[in-house]
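# A look at the structure
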Amino acid sequence: MVTTKRPPRTRAVPSPGSTPLMRWILEIVVERFNLFLLERLPLLVAERHAAYSSARQLRALSGRPHMALARSRLQAERQAWRKDHPFGFVAKPRTLHDGSQDLFTWDVVVPARDGSVWAPARVPAVVKFSEDYPSTPPVVKFNKIAGRPIFHPNVFPDGRVCLSIINPNDGSRHHYGVGGTWQPSLSLKHVLLALQQFLDEVTSYAAGRELEYKLFTQDRPAYNRKVKEQVNALLPEAPVVL
């Protein structure tokens, strides 16, 4: 008599979702996954975009060593400024439309010294750095005040400042003579402190600022009144009267 072996019985495995417990577990997993996407996906996209932007900047800088050096120097100055800077001064890189910072263009505010004809104004300006910084000095331009150039004999009508500390020390000729005192060891902090002192000093006059120089040298009360008009424009809530 031939006997046949029956195959062993196998327990049926329930398909996903075939029991209330499994459906409940699946619902939790799906819910947690959706929450993860909602919370983390924007961050992951932003991180990927930042990494891509950094890589693109590095590729752009790889063939421009001077610009890489300037950027590194300006980043170090930014960190140092945030840790310690003179009271009342403001200096920060300009923010671009995409939220990144332009390290080569800084918006600054210079407070007038106590006793200055410009007190208590805080005068805004823009400082631009070149790719050759710190080998070459930055360019400083005071912002217009109520639509007019700052009332100072040594500031050009477009706001540019001709100051020895930011003139190249290379023997080149400029409006006030030849050469300047700029050195790569100087920093933005040195420039801003010099600008604060510059507000009260007049050495000559820039092209187009003959009236300002004439009033400063021949009619100081009239000069001071003109300055106070701009101080009041900067401080409209607290007019200053001579």
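Not measured: the values here are computed from a predicted model.

Analysis parameters
Residues numbered from 1 in each chain as written. Predicted model: local features only at pLDDT ≥ 70, side-chain atom pairs only at ≥ 80, totals over all residues. Heavy atoms only, no water. Pairing = 2+ DSSP bridges. Helix = DSSP H or I, 4+ residues; strand = E, 2+ residues; numbered from the N terminus. Core = buried A, V, L, I, M, F, W, Y, C linked by side-chain atoms within 4.5 Å. Buried < 20%, exposed > 50% of the residue type's maximum accessible area, 1.4 Å probe, protein only. Contact = heavy atoms within 4.5 Å. Axes fitted to C-alpha atoms, helices over the stretch in contact; angles between N-to-C directions.

For the rest of this paragraph, the subject is the pairing of strand 1 (residues 90-95). Along any regular strand, the residues point their side chains to alternate faces of the sheet. Sheet topology places strand 1 next to strand 2 (residues 101-111); six bridges connect them, and they run antiparallel. Each residue of the ladder has a partner; that of Thr95, found in strand 2, is Gln101. Linking two consecutive strands that pair antiparallel, namely strand 1 and strand 2, is a turn of five residues; a positive phi of about 90 degrees is found at Gly99 within it.

If you look at the biggest cluster of nonpolar residues, it comprises 48 residues, and the most contacted ones within it are Trp118, Phe142, Leu192 and Leu195. Taken together, the elements giving at least two residues each to this core come down to helix 2 (65-83), strand 2, strand 3 (122-128), strand 4 (139-142), helix 3 (188-198), helix 4 (210-218) and helix 5 (220-234). With six residues, the top contributor of residues to this core is helix 3. In this structure, Phe142 is in contact with Val123, Pro124, Ala125, Ile150, Val155, Gly159, Val161, Leu195, Phe198 and Leu199, ignoring residues within four places of it in sequence.

Strand pairing in a sheet relies on backbone hydrogen bonds, with the paired strands running either antiparallel or parallel. Pairing is antiparallel across the open sheet formed by four strands, whose spatial order is 1-2-3-4. Strand pairing shows two members of the sheet lacking a second neighbour, strand 1 and strand 4, which therefore form its edges. The sheet shows a mean angle of 30 degrees between the axes of neighbouring strands, direction not considered. As judged from the four bridges shared by strand 3 and strand 4, these two strands associate in the antiparallel manner. By the bridge assignment for strand 4, Val127 is matched with Val140. Its contacts with the sheet put helix 3 on strand 1, strand 2, strand 3 and strand 4, and the angle it makes with strand 2 is roughly 35 degrees.

What follows covers unusual backbone geometry. Cis rather than trans, the peptide bond between Ala119 and Pro120 has omega equal to 0 degrees. Residue Pro134 is reached from Tyr133 by a cis peptide bond, and omega for that bond is 5 degrees. Topologically, Pro134 is positioned in the loop between strand 3 and strand 4. Unlike most non-glycine residues, Ala146 shows phi in positive territory, near 55 degrees. Examined against the element boundaries, Ala146 turns out to sit in the loop between strand 4 and strand 5 (173-174). Residue Ala146 is classed as exposed on the basis of its relative accessible area, which comes to 71%.

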